[in-house]
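Spelled out, the chains give:
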Amino acid sequence: MAKSGTKILFGFVFFVLLVGGLAGGGAWYLTEHRVEGYRATATLLLDTGFAPGPMAPPPSEQGPGMGGPMGSLRHDVKKALGMDPKAHPAPQGTIAPPDYATLFRTDAMAAQLKDGLGAIYTETGVAPKEWTLEEVRHAMEAKTQVALQTHDNVVYRRVVSLEFTAEAPEVASAAANAWAEAAKSFAASIAQEDREARSVAIQSKLDAMRGELDAAVAVQDELLQGPDVDGLAQSASEQAEAARALKEHLQSLEQTLARDEAALTALKSYVSKAPVAVVMELSVTEANLEATLAGSRAERDYVAQRVAALAPVDTPDAPANRALARRKLEEAEATVDRVKPVIAALEDAKSANETLQDPVRIAAKAITPESPAGPHRYVLVGGAALLGAVLGMILYFALLTLRVYARELDRA
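Analysis parameters
- Residues numbered from 1 in each chain as written.
- Predicted model: local features only at pLDDT ≥ 70, side-chain atom pairs only at ≥ 80, totals over all residues.
- Heavy atoms only, no water.
- Pairing = 2+ DSSP bridges.
- Helix = DSSP H or I, 4+ residues; strand = E, 2+ residues; numbered from the N terminus.
- Axes fitted to C-alpha atoms, helices over the stretch in contact; angles between N-to-C directions.
- pLDDT = per-residue confidence, 0-100.
- Contact = heavy atoms within 4.5 Å.
- Salt bridge = Lys/Arg side-chain N within 4 Å of Asp/Glu carboxyl O.
- Buried < 20%, exposed > 50% of the residue type's maximum accessible area, 1.4 Å probe, protein only.
- Patch = residues over 30% accessible without salt bridge, like charges linked within 9 Å, V, L, I, M, F, W, Y side chains within 5 Å.
- Areas by Shrake-Rupley, 256 points an atom, 1.4 Å probe, with all protein chains shown as cover.

Colleague: Help me understand the sheet that holds strand S2 (residues 140-149), please; the structure alone is not making it clear to me.
Modeller: Pairing between the strands of a sheet comes from backbone hydrogen bonds, and it takes one of two forms, parallel or antiparallel. Strand order in the open sheet formed by 4 strands is S2-S3-S1-S4, with antiparallel pairing between adjacent strands. Both outer strands of the open sheet, S2 and strand S4 (360-364), are each paired with one neighbouring strand and no more. Each neighbouring strand pair of the sheet contributes to a mean axis angle of 35°, computed without reference to strand direction. Where strand S1 (residues 38-46) meets strand S3 (residues 154-166), 8 bridges bridge the pair, whose relative direction is antiparallel.

Next up, the structure:
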């Protein structure tokens, strides 16, 4: 009986130590890369309307924390380019606070911070420590805050908190501030590239619009400096009527001229045979008749010239030419009315694009923490071992009860 009790006690201790040891060892492994010590926090304020490439939706279509000058600019540019912002939304291209948090924890950012830790230790006067890239990444934590959450949408505050944990409080605050400066510079470089690309696109569209406007204005000036296009049809009708009247007058003049020429010929024939006394009297009449004929000939030539000048207006192609000129003028006026607002909007967008500020600002720098952050690694491992031991006790007694119950069944 004593041997059985010793065996049970030995098995109990062994089982408890085994499960507790496994739990403690697992906790030690899971916390191997955990940096214990002081945690400092730097706060960044974001303009989440910024997005490289695709255009952000206008502020009226965004929730709290989704506006900003960049979103407004893209809305203006879309309108200037003739795009309906509601028909061409691009919220998937907008950098949201969680995306910023991810960008600020990349391997490149961790490597940059790791390279600067040596200078931080020197400035703070703390004994230097050799950090691995994995340790730096585990010491970095970027957090965002939810402002409003519904069943189909999540709106974040325009804030990202950068937390860095180190064994010395001075190192933690200095590293958090250095991380904030690096994140600000990184976001500014992305914004600058996006600003330059957008400026090129706006200028290209602006040049095209200005060229189209200049061409339309040239057509307008050419047509407006000539005859009145709207009055061409009426002028042509009036000129045709005038041409018909002139032709009738010309025919009348020719008939009168022929009659007077015949009369002059007859008079000359009579004068050549008349007595001398009569010739002196008829010579005056002959001179008057020749003067009348000269005036009639001059009037006939003048009327003939006017008829010839009016003849091209009354051509078969005149109505088609007038309609074409009218259509060109209407198209030019419509182009001017359409292009001028677009050019104004593009110029405003270009000016706004050139005056944009960086999308990330440091709202609050990290201060030196006064107390450690959270429990130490040994506390976590000890707690896990204790819980494992309790679980081992429960499992051991459960197995022992089942074993005794099985023996009772065998005896029965």
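Colleague: Where do I start with the pairing of S3 in this structure?
Modeller: Regular strands show a simple pattern: their side chains alternate between the two faces of the sheet. Bridging between S2 and S3 involves 8 bridges; their strand directions are antiparallel. The partner of Glu141 across the bridge, within S3, is Glu163. Hairpin connection between S2 and S3: a loop of 4 residues separates the two successive antiparallel strands.

Colleague: Looking at this model, I keep getting lost on the environment of Asp337. Mind explaining?
Modeller: Take Asp337: it is sitting in helix H9 (residues 318-354). For the pair Asp337 and Leu213, spaced 124 residues apart in sequence, the C-alpha separation works out to 9.3 Å.

Colleague: Explain the confidence of the model for the chain here, please?
Modeller: A low pLDDT score tells you not to read the predicted coordinates there in detail. On average, the chain scores 76 in pLDDT, and the residues at 70 or more come to 75%. For residues 50-74, every residue scores under 50 in pLDDT, and the model assigns this stretch 76 contacts once sequence neighbours within four places are set aside. Predicted confidence for residues 76-93 stays below pLDDT 50, and this span has 28 contacts to residues more than four positions away or in other chains.

Colleague: Looking at this structure, I do not really get the pattern of salt bridges. What am I missing?
Modeller: If the charged atoms of two oppositely charged side chains come close together, the side chains can form a pair. Counted according to the given criterion, the structure contains 8 salt bridges. Residue Glu141 pairs with Lys143 through a salt bridge whose shortest N-O separation is 4.0 Å. Under the relative-accessibility criterion, Glu141 is labelled partly exposed at 35%. Lys143 sits in the partly exposed class, given a relative accessible area of 36%. The salt bridge partner of Arg210 is Glu347, with a shortest N-O separation of 2.8 Å. You can see Arg210 sitting in helix H6 (residues 169-225) and its partner Glu347 sitting in helix H9, a full 137 residues away along the chain. The class of Arg210 is partly exposed, set by a relative accessible area of 34%.

Colleague: Please clarify how a nonpolar patch on the surface should be interpreted in this entry.
Modeller: Judged by side-chain polarity, Leu386, Val390, Met393, Ile394 and Phe397 come together as a nonpolar surface patch covering roughly 460 Å² of accessible area. With respect to the helices and strands, Leu386 occurs in helix H10 (residues 377-411). Exposure remark for Leu386: the relative accessible area of 57% places this residue in the exposed category.

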